[in-house]
Each structure stands twice: as C-alpha cells, then as structure tokens.
Amino acid sequence: MMHVKEIMEFLPHRYPFLLVDRVLEVEKGKSIVGYKNVSMNEPFFTGHFPNHPVMPGVLIVEAMAQLSGILGFVTVDRKPSDGVVHYLAGCSKVRFKRPVLPGDQLRMESQFISGKHGIWKFDCRALVDGEVACVAEVMTAERDV
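What comes next concerns the included structure. The shown structure was predicted, so the numbers you read here are calculated from the model rather than taken from an experiment. (Residues numbered from 1 in each chain as written. Predicted model: local features only at pLDDT ≥ 70, side-chain atom pairs only at ≥ 80, totals over all residues. Heavy atoms only, no water.)

1. Concerning the environment of V138
Among the secondary structure elements, V138 is positioned in strand β6 (residues 131-144). V138 sits in the buried class, given a relative accessible area of 0%. Sequence separation between V138 and G72 is 66 residues; the distance between their C-alpha atoms is 12 Å. Look past the residues within four positions of V138 in its chain and what remains in contact with it is A65, L88, G90, C91, W120, K121, F122 and C124. (Helix = DSSP H or I, 4+ residues; strand = E, 2+ residues; numbered from the N terminus. Buried < 20%, exposed > 50% of the residue type's maximum accessible area, 1.4 Å probe, protein only. Contact = heavy atoms within 4.5 Å.)

This is the structure:
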C-alpha cells in the first residue's frame, strides 16, 4: 500500500492535479489498484457543472494514467527523481458508463499490457461502488527530463 507521500515520490503532479490518493496494491510488471476520493471541494466542480457537479471524463482518464505511470515506474525501479517522467501518450477504447459525483470514491485498476522503447500500454477501468464508470486503454511514454 502507498499513501500520498510515497505516491508523490512516483508522480511529479501536485495539487490540484494529483489525482491518486492511495495505492492499495501493486504487482510489479502486472497490475496496480488505487483510488481517488472525489470531494465537492475539487476546483473543477466550480464550472463542471455549477448546478450538477460531475467529474470531467478527461480527468478520470488522467487519474487512470497517473496510476498506470506509478506501475510503470515501479516495474523498472525508477522515480521522477531519477530524471524521468511518464507522459500520457494516448488513449483508446475509452467508454464512460456512469457519472462520477462528489462524495464518490473512484477505484482505479490498471493492468500492464505491453512495454517497448519506453512506451507502456495499460488496460484500465474506474469503478464507483463496484459499478464501472470508465474503461480505457492508456499509453504512457517514459521520457528523460
């Protein structure tokens, strides 16, 4: 399990763009499970939407990409402090199944599919109360900074 301080060792993101609150389990080279607690205090709810707050789909995908980046780093025993980052390089097969609302806990799961030349591919899904909210294939690119 990783708490936020350890997560911040693997992700260069900071408030308000750090979208992984906890990692529950990680199996190097295989899979990772984590979550994001969705609070009404999130800055994006101010405008999305004022009278019907819904977490933007692109941020759900970004949260899954951040979680996948942690798996990529753990798999190769590296961290951003080693001078590398995982950029979101692409996504496909994205489907949104239900809205994510304030008060929800977004459970994210990412399975490693493949990796070659610093390009990593993951099969991801995000759930709320066991119900699928989003599925996607996410690609990250490990690059020197």
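Right, picking up where we left off after that structure.
2. Details of the side chain of K36
With respect to the element layout, K36 can be found in strand β2 (residues 31-37). Polar contacts involving the side chain of K36 include one to the side chain of E42, which spans 2.7 Å. Contacts of K36, omitting those with residues within four sequence positions, involve L19, D21, E42, D104, Q105, L106 and M108. (Polar contact = N/O pair within 3.5 Å; in protein donor to acceptor, adjacent residues only side chain to side chain.)

Keep in mind these values describe shape, not function.
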